[in-house]
Amino acid sequence: MKKTFLILFLLILILKISGQKYDLAKTPPMGWNSWNHFGCDINEKIIKEVADAIVSSGMRDAGYVYINIDDCWHGKRDSLGFIHPDNERFPSGIKAIADYVHSKGLKLGIYSDAGWRTCGGKPGSRGYEFQDAITYAKWGIDYLKYDWCNTDGLKADEAYKTMLHALIAAKRPIVFSICEWGDNKPWLWAKDIGHLWRTTGDIYPCFDCEYGHGSWVSNGILQILDKQKDLRQYAGPGHWNDPDMLEVGNGMSVSEDRAHFSLWCMLAAPLITGHDPRNMTKETLEILTNKEVIAVDQDSLGIQCFKMLDYGDLEIYAKPMSKGRLAICFLNRGLSVQKAQLDWKNHNIYDGLSGLNYEFSKKVYKIRNLWTKNDIGTTENRFIADVPPHDVVMLLLSPIK
Ligand code: GLA
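These figures come from a predicted structure and were not determined experimentally.

Let us now look at the site of the ligand. Residues in close proximity to the ligand total 13 residues, the closest being Asp-70, Asp-71, Lys-145, Asp-147 and Asp-202. A distance of 2.7 Å separates an oxygen atom of the ligand from a polar side-chain atom of Asp-70. At 2.8 Å from an oxygen atom of the ligand is found a side-chain nitrogen or oxygen belonging to Asp-71. Here the ligand has 310 Å² of accessible area as a free molecule, and 94% of this is covered by the chains. Here the shell around the ligand is composed, by residue class, of six nonpolar, one polar and six charged.

This is the structure in structure tokens:
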């Protein structure tokens, strides 16, 4: 009898800890993360002030709802193994911050690592996955970024699955952000585990460069863009390719920031900003809150763009959208002005992945320039525009009934 109970108990436990990921992130998650601007130098005052600024600037109302605390919030584990925040930097505790951001209509994200230690050398979740997930749920966490430092000997899919099971057992819907930099091709195995997965190493705030850190390299905007090209078939509602957090407002020129933001929206990328919202320029805010460009990213079909034409420094990207619409982005990768020209009727577009068809020779579309916010005619006429260096021209084509 005892044995039957034990088997039954184990069965229930297994059923409870396996199961499906939470049905979240139907469109790419939007929010802010502390890492790109602040690195390890964070505390509860900064996080709360950022949350205030996200609300007062209008960013929350534009869709940026996750306030994500990245590496270095950690203190020590207690004698039972429960993790606590650094009590000098976060004296009120994480739950108090969660309550604070929730009271403002925002959500709270936190960071951990599948290994023994995080990339910043803080306690990782290896061996404490279920305890950590319960702790996050108790605190009221809504989003977990889970990194991949110090994981020698671990198998990525299994390690991320373990944390997924822990999150399910903790019973709080938490967006699960896989951050193993594309090393183990997460697009092949993570669809049912996480809601987004990093496809590349860390981003660096330069438009066209690689930045060496000794044993590893971080990537500029174009370097990351080029690494996305074979990945579009793996992304869609609830499971996104993540080309890393935004660097808008972190030192690039306004043109470069605009191009970076436009491209991330074309890629249907998560829009997690990485600047200091307490102290941003008017241009940074204007870029980040351009609702028509954000709508391209957040389109319900969740289709990632593809490169439609390549003229060297000038490239043209296309993103099929709902309601028969299409976003087009002319990118100037170079340092001199490029003339963009397109005779639509000669460029019918068929997207083999989505099966969507744009027959400009048969159907007329009206055209809106999403950065100048002007309606600029239809696809009956040839499109001509100058694209400034390291900049874009971004259009939305909508069928005329
Ligand atoms: C890794 C991640 C970054 C950031 C740092 C924190 O490098 O890719 O996004 O989270 O760790 O240490």
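Right, let's get into the sheet that holds strand β20 (residues 374-378). Read across the sheet, six strands follow the order β13-β14-β15-β22-β19-β20 without closing on themselves; strand pairing throughout is antiparallel. Only two strands of the sheet have a single partner each, and these edge strands are β13 (306-311) and β20. Sheet twist, expressed as the mean angle between neighbouring strand axes with direction ignored, is 25 degrees. This element, helix α9 (residues 254-266), spans β14 (314-320), β15 (326-332) and β22 (391-399) of the sheet and lies at about 40 degrees to β22.

Looking now at the environment of Ala-98. Within the fold, Ala-98 resides in helix α5 (residues 94-103). Along the chain, Ala-98 and Gly-109 lie 11 residues apart, while their C-alpha atoms are 8.7 Å from each other. The residues touching Ala-98, leaving out its near neighbours within four places in the chain, are Leu-108, Trp-139 and Gly-140.

Time to look at the state of the cysteines. The tally for this structure, following the rule as stated, stands at three disulfides. Across a sulfur-sulfur distance of 1.8 Å, Cys-40 and Cys-72 are joined as a disulfide pair. Separated by 32 residues along the polypeptide, Cys-40 in the loop between α2 (35-38) and α3 (44-56) and Cys-72 in the loop between β2 (66-68) and β3 (74-77) bring together distant segments of the chain. The class of Cys-72 is buried, set by a relative accessible area of 2%. Here Cys-119 engages in a disulfide with Cys-149; their sulfurs sit 2.1 Å apart. Every disulfide takes its handedness from the sign of the S-S torsion; for Cys-119 and Cys-149 that torsion is 95 degrees, giving right-handed. On the criterion of sequence distance, the pair formed by Cys-119 in the loop between β5 (107-113) and α6 (129-139) and Cys-149 in the loop between β6 (143-147) and α7 (156-170) is long-range, its members being 30 residues apart. Its relative accessible area of 38% is what places Cys-119 among the partly exposed residues.

Moving on, we get to the pattern of salt bridges. If you walk through the whole model with that rule in mind, you get 29 salt bridges. Ionic pairing is found between Asp-230 and Lys-229, a salt bridge with its closest N-O pair at 3.4 Å. Glu-286 is paired through a salt bridge with Lys-282; the nearest N and O atoms lie 3.8 Å apart. Taken as a pair, Glu-286 and Lys-282 lie in helix α10 (residues 282-288) at a separation of four residues, close to a single helical turn. Given the relative accessible area of 45%, Glu-286 is considered partly exposed. Counted as one network, the salt bridges with shared partners bring together Asp-226, Lys-307, Asp-310, Glu-315 and Arg-333.

Time to look at the pairing of strand β19 (residues 365-369). Remark: a regular strand shows side chains that alternate across the two faces of the sheet. Burial along β19 is one-sided: the residues Tyr-365, Ile-367 and Asn-369 are buried and none of Lys-366 and Arg-368 is. Inspection of the sheet shows β19 paired to β22 by five bridges, in the antiparallel sense. Bridging from a neighbouring strand, Lys-366 pairs with Ser-398 of β22. When β19 meets β20, the two strands line up antiparallel, connected through three bridges. Bridge pairing in β20 places Asn-369 opposite Asn-374.

Another aspect to go through is the packing of aromatic side chains. How two aromatic rings sit relative to each other is given by the distance of their centres and the angle of their planes. With the rule as written, the count across this model stands at 15 aromatic pairs. Ring centres of Tyr-66 and Tyr-143 lie 5.1 Å apart, and the angle between their planes is 55 degrees; this geometry places the pair in the tilted category. Separated by 77 residues along the polypeptide, Tyr-66 in strand β2 and Tyr-143 in strand β6 bring together distant segments of the chain. Overall, the relative accessible area of 11% leaves Tyr-66 in the buried class. Taken together, Phe-330, Trp-344, Tyr-358, Phe-360, Tyr-365 and Phe-383 form an aromatic cluster joined through their ring pairs. Against the face of Phe-82 rests Lys-138, its NZ or CZ located 5.8 Å from the ring centre.

Parameters at a glance
Residues numbered from 1 in each chain as written. Predicted model: local features only at pLDDT ≥ 70, side-chain atom pairs only at ≥ 80, totals over all residues. Heavy atoms only, no water. Near = heavy atom within 4 Å. Polar contact = N/O pair within 3.5 Å; in protein donor to acceptor, adjacent residues only side chain to side chain. Areas by Shrake-Rupley, 256 points an atom, 1.4 Å probe, with all protein chains shown as cover. Nonpolar A, V, L, I, M, F, W, Y, C, P; charged D, E, K, R; others polar. Pairing = 2+ DSSP bridges. Helix = DSSP H or I, 4+ residues; strand = E, 2+ residues; numbered from the N terminus. Axes fitted to C-alpha atoms, helices over the stretch in contact; angles between N-to-C directions. Contact = heavy atoms within 4.5 Å. Disulfide = S-S within 2.5 Å. Buried < 20%, exposed > 50% of the residue type's maximum accessible area, 1.4 Å probe, protein only. Salt bridge = Lys/Arg side-chain N within 4 Å of Asp/Glu carboxyl O. Phe/Tyr/Trp six-rings, centres within 6.5 Å; stacked < 30°, edge-to-face > 60°. Lys NZ or Arg CZ within 6 Å of the ring centre and 35° of its normal.

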